[in-house]
Amino acid sequence: MTAVVSNKTIITEDPITEEANDLKIYANSYSTGLFTKININIPNLSTITETMTCKRILVKSNEISSQFTAIVYAIVSKFNIDGLSPLVLTKCNLCGMNVESSYLMCLNPECSSNYEMEIGSYELESIINIRLSITDSTGTLENCLLHHQAATKILKEVNYFQNMSLNQRTELKWKYLFTNCMIKLVVTEAHPNEKLTILVVDIENEGPISKFISCVPIY
């Protein structure tokens, strides 16, 4: 534990306190929950057939707590895959906790893997962690999670995505951003004191525009 004084601010690196440990545990559990949501088993895409607007999805999510699916015809209004935010998460397959990318070590003190791991080993799993927003005439669904199945479809495998140049990512982003899309969603089961989680499990924007507009509900 090291303290550094900067002007009037005291910065303590790796504080050894009960509060700091609680905060670390919360951060790890949040990442674990995120992995669970991104990797949930989704229904067969052909069974997702009910069309809804963004507004109807939000209303229904407040009416029921169980998981449901929907098709929404909308535009992707936010799809930041060429920014500075980290877009790949790595977890420990032995305990499910987040792995520190700088050191490739599991942050769970109770994990049996308390040693440095190697890229490509069975102990590690990396997934693409991207959020996007979806907008139609009734409103916007913010911060939807791109399910790994959909991410693999449009962004390829993790290693391929990580090796893409900035120009390649920007070009890919504009293939979907502000274009009419058919998007299949899974709204996960709601839990007390937990924000709504909407997973994008499929996205399609190819074909005549009438293919999409003719299906858009107006309520």
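For the protein, an unreviewed UniProt entry supplies the name Meiosis-specific with OB domain-containing protein and the organism Schizaphis graminum.

For the rest of this paragraph, the subject is the sheet that holds strand β3 (residues 68-79). The strand order β3-β8-β9-β11-β10 describes a closed barrel built from five strands, whose pairing is mixed. Recorded for the sheet is a direction-independent mean angle of 55 degrees between the axes of neighbouring strands. Pairing analysis gives five bridges linking strand β8 (residues 131-136) to strand β9 (residues 139-146), with the strands arranged antiparallel. Counted as the bridge partner of Leu132 is Cys144 from β9.

The pairing of β3 with strand β10 (residues 180-187) spans eight bridges and is classified as antiparallel. When the bridges of β10 are listed, Ala70 appears paired with Leu185. Note: β3 against β8, four bridges, orientation antiparallel. Within β8, the residue paired with Phe79 across the bridge is Leu132.

Inspection of helix α5 (residues 166-176) places Arg169, Leu172, Lys173 and Tyr176 among the buried residues, and these make up the whole buried set. What you see down the axis of α5 is that its buried residues fit within an arc of 105 degrees, all on one side. Residues Asn167 and Glu171 are exposed on α5 and point more than 90 degrees away from its buried face. Tucked inside the fold, the buried residues of α5 contact β3, α3 (148-155), α4 (158-162), β10 and β11 (198-204). Phe178 lies just past α5 and shows a positive phi near 60 degrees.

Calculation criteria
- Residues numbered from 1 in each chain as written.
- Predicted model: local features only at pLDDT ≥ 70, side-chain atom pairs only at ≥ 80, totals over all residues.
- Heavy atoms only, no water.
- Pairing = 2+ DSSP bridges.
- Helix = DSSP H or I, 4+ residues; strand = E, 2+ residues; numbered from the N terminus.
- Axes fitted to C-alpha atoms, helices over the stretch in contact; angles between N-to-C directions.
- Buried < 20%, exposed > 50% of the residue type's maximum accessible area, 1.4 Å probe, protein only.
- Arc of directions from axis to C-beta.
- Contact = heavy atoms within 4.5 Å.

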